[in-house]
Amino acid sequence: MSSKMPSQKMSLTSVILLALNSLIGSGWLFGAGEAAKIAGPAAVISWILGAIIIMVIAFNYVELEAMFPESGGMSRYAQYSHGPLLGFVAAWANWVSLITLIPIEAVASVQYMSSWPWSWANWTRSFVSHGSITNQGLLVVFAFMIVFTLINFWSVKILTHFTGLISIFKLLMPTLTIIVLMLSGFHTSNFGQGIHEFMPYGSRSIFEATTVAGIIFSYDAFQTVVNLGGEMKDPQKNIYRGVVISLTITAVLYILLQITFVGAVKPSLLTAHGWHGIDFASPFADLAILMGINWLTILLYIDAFVSPFGTGVAFVTNASRTLAAMARGDHLPAWLGRLERRYMVPRFAMIVNLILAAVLVCIFRNWSALASVISASTLIAYLTGPVAAVALRRIAPDLKRPFEPRSLKWMAPLSFVLTSLAIYWAMWPTTIEVIFVICLGLPIYAYYEIRYHHASWKTQMKGCGWLLGYLLFISVMSYLGSDGFGGQNWIRYPFDFVVIILCSLVFYWWGVNSSVEGEDLELGRRVNAHVDQ
């Protein structure tokens, strides 16, 4: 392995382009329209809030990946600090979100195809019915996913050449859309004359849009940089730079897109239907059609292939490395972690992910449903990041830390609280459905543990008990919480937020003080020994 990898190490520029390729996907095509429908002009605040939440979350993982620069590392940090059970649950939750990201990008392309306005394209309209992909549309989705996988089948080098070209187009297209729509007809009156018009559905809608409209999902791809830590040049410096630069560019772009969308909607439509009634099948393309900008409409439909296509390719990379890293934890079949000798890519993991992604899209057949699953499962996995970072400082202060900010003492609990709130915003019953899917991994873990490992369950429950307790808490809280988030309204808004914040701090304290010093920590030490500080 070592003889092959040096020639394929990624530069900082390649990593940023790959991250942007992941970050700028179907989220920009659908997110602004979905968010405005939920929160009106205040959706701009939702995008700012989403960026803050993800940047705070990413802060924890930059320190961890600098300590353990290995491919698929996000699936192993919790294992180093709290043992194999917590590591498995966190990795499983993250993996569920990643394999869901593969079909969502294909679905986005097919949904845009189904709204092509030209007479010669009538045949594409059968791909979607009542907002969901039909059986005919599924065949096209499957074809896209197969292409995503095949591009990843031959080495990191081919992947970086592909993404380097496509990322530039993906940056230029939304930028062009912002400029053209703003110059063609920007209505400042759409933002309202006062707080009630700017925030027509109340402050609660801002938080709802952050998770439900796919905003968290749109920012989530920062982990592309983290998961490729073992394959980039000078990872101790470039992981931090890659995360900060790629997230900053993306946040500015998405916020401007939301401002553009709100200002471009015709005031007569708002008067007739209100923001809840603005339901475009292809948000920016539909706006361009209404404005008579035909050339932009064509470009947007082309980008509806390019943006999701590039992101889908990138997430095949992430998902396969995550599954391969899980297999190295000895609680999944070992062949899943096997790398193809010539190109050093986990081909078996890619094939399994492709099959499971096909099953998922057969169950969740529209973009918004897939986005909700992705957001909730990702956020549950992210709960372990701040806990692992602080716990490792406590039990292993001698580990090399190229990135060791003092602010982690308050950033970590803040990250945990914000993540917890964002999970709650996913709304009942999405919360319990995602938690159920995550718990499906536990029998698999138990099988391998009982048959092959025979480790102490008492020790493993010590390391993972806090997260299992948290999942029970957030499930109950989601059901009992305010009706604005799908609950029974027994705990009304904003008191539901107060309860979640206070209880989250308790679970955070429990998690930090439940670390396990054992074989997994020693494994982490061996990885850390190769770090240059």
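**Details of the overall build of the protein chain**
A tally of regular secondary structure across the protein chain gives 24 helices and two strands. Whereas a compact globule of 533 residues would reach a radius of gyration of roughly 24 Å, the protein chain reaches 22 Å, a difference of no more than 12%. Taking the principal axes of its C-alpha atoms as reference, the protein chain extends roughly 65 × 55 × 40 Å. Taking all 533 residues of the protein chain together, the buried fraction comes to 62%. Sequence separation of at least 24 residues holds for 83% of the intrachain contacts in the protein chain that already meet a minimum separation of 6. For the protein chain, the computed accessible surface area is about 19,800 Å², with 66% contributed by carbon and sulfur atoms. In the protein chain, 31 side chains carry a positive charge and 26 a negative one; their mean positions are 7 Å apart.

**A few points about the side chain of Asp496**
Within the secondary structure, Asp496 sits in helix H23 (residues 495-512). There is no salt bridge for the buried Asp496, and the closest opposite charge comes from Arg204, which lies 8.2 Å off by N-O distance.

**A short note on the packing of helix H18 (residues 384-395) against H23**
One can describe the packing of H18 onto H23 by two numbers: an axis separation of 9 Å at closest approach and a directional angle of 40°. Here H23 runs oblique to H18, going by the angle between their axes. By crossing handedness, the relation of H18 to H23 is classed as right-handed. Contacts between H18 and H23 involve Pro386, Val387, Val390, Ala391 and Arg394 from the first element and Tyr508, Gly511 and Val512 from the second.

**A few points about the environment of Ala358**
Note that Ala358 resides in helix H16 (residues 347-363). It is 7.1 Å that separates the C-alpha atoms of Ala358 and Pro103, two residues lying 255 residues apart in sequence. In this structure, Ala358 is in contact with Phe142 and Met145, ignoring residues within four places of it in sequence.

**Things to note about the pattern of salt bridges**
Throughout the structure, instances matching the rule amount to six salt bridges. Between Arg393 and Glu63 there is a salt bridge, and its shortest N-O distance comes to 2.8 Å. Placement of the pair is Arg393 in helix H18 and Glu63 in helix H3 (residues 43-67), with a sequence separation of 330 residues. Residue classification places Glu63 among the buried positions, given a relative accessible area of 1%. Three or more residues are tied together by salt bridges with common partners; here these are Glu63, Arg393 and Arg401.

**Re helix H9 (residues 204-212)**
The element H9 is largely enclosed, with a buried count of seven among its nine residues. The set of residues buried in H9 consists of Ser205, Ile206, Glu208, Ala209, Thr210, Thr211 and Val212. The first or second residue beyond H9 is Gly214, which carries a positive phi of 85°.

**Regarding the packing of aromatic side chains**
Following the criterion strictly, the structure yields 39 aromatic pairs and no others. Note on Phe59 and Phe403: the rings are 5.8 Å apart at their centroids and 70° apart in plane angle, and the pair reads as edge-to-face. Note that Phe59 is positioned in helix H3 and Phe403 in the loop between H18 and helix H19 (408-425), a separation of 344 residues in sequence. Side by side, Phe59 and Phe403 carry an identical accessibility label, which is buried. Taken together, the aromatic side chains of Phe416, Trp466, Tyr470, Phe473, Phe507, Tyr508 and Trp510 make up a single cluster linked through ring pairs.

**Side note on the nonpolar core**
One finds Met145, Tyr219, Phe222 and Tyr470 to be the most contacted residues of the largest nonpolar core, which totals 185 residues. Per element, the largest residue contribution to this core is 21 residues, and it comes from helix H5 (residues 84-114). Discounting residues that sit within four places of it in the chain, Phe222 has contacts with Leu23, Ile54, Ile57, Ala58, Tyr61, Val243, Leu247 and Tyr382.

**Details of the environment of Ala32**
For Ala32, the location among the structural elements is in helix H2 (residues 26-39). Since its relative accessible area comes to 3%, Ala32 is described here as buried. Sequence separation of Ala32 and Val361 is 329 residues, and the distance between their C-alpha atoms is 23 Å. Excluding residues that lie within four positions of it along the chain, Ala32 makes contacts with Gly27, Trp47, Leu257, Gln258, Phe261 and Phe284.

**Describing the confidence of the model for the protein chain**
When pLDDT is averaged across the protein chain, the result is 85; 92% of the residues are at 70 or more. Mean pLDDT across the secondary structure elements of the protein chain bottoms out at helix H11 (residues 223-227), with 70, and peaks at H23, with 97.

Conventions and cut-offs
The residue count restarts for each chain, going from 1 along the sequence in the order it is written. The predicted nature of this model means local features are confined to residues of pLDDT at least 70 and side-chain atom pairs, given and counted, to a pLDDT of 80 or more, with totals for whole chains, interfaces and linings taken over all residues. Heavy atoms throughout the structure, all of them, feed into the side-chain values; hydrogens and water do not. By definition, any uninterrupted DSSP run of H or I lasting at least four residues is a helix, any uninterrupted run of E lasting at least two residues is a strand, and each is numbered from the N terminus. Both definitions apply: the radius of gyration is a C-alpha atom measure, and the globule rule equals 2.2 Å times residues to the power 0.38. Residue burial is assigned from relative accessible area. The probe radius is 1.4 Å, only protein chains are included, and a residue is buried under 20% of its type maximum, exposed over 50%, and partly exposed in between. Contacts are residue-level and defined by heavy atoms, with any inter-residue pair within 4.5 Å sufficient. Every accessible area reported is derived by Shrake-Rupley at a probe size of 1.4 Å, with residue values counting cover from the shown protein chains alone. When charges are counted, Lys and Arg are positive and Asp and Glu negative, with His and the chain ends excluded. The location of each charge is read from NZ of Lys, CZ of Arg, CG of Asp or CD of Glu. The rule for a salt bridge is simple: a side-chain nitrogen of Lys or Arg has to be within 4 Å of a carboxyl oxygen of Asp or Glu. To define axes, lines are fitted to C-alpha atoms, for helices over the stretch in contact only, and angles between the resulting N-to-C directions are given on a 0 to 180 degree scale. For classification purposes, angles smaller than 35 degrees are called roughly parallel, those larger than 145 roughly antiparallel, those between 65 and 115 roughly perpendicular, and all remaining angles oblique. What makes a crossing left-handed is the near helix being turned counterclockwise from the far one by less than a right angle; a clockwise turn instead makes it right-handed. We call Phe, Tyr and Trp rings a pair once their centres come within 6.5 Å, taking the six-membered ring for Trp, and we label the pair stacked below 30 degrees between planes, edge-to-face above 60, and tilted otherwise. To qualify as a nonpolar core, a set must consist of buried Ala, Val, Leu, Ile, Met, Phe, Trp, Tyr and Cys residues joined through side-chain atoms within 4.5 Å. Scored between 0 and 100, pLDDT is the confidence that the predictor attaches to each residue.

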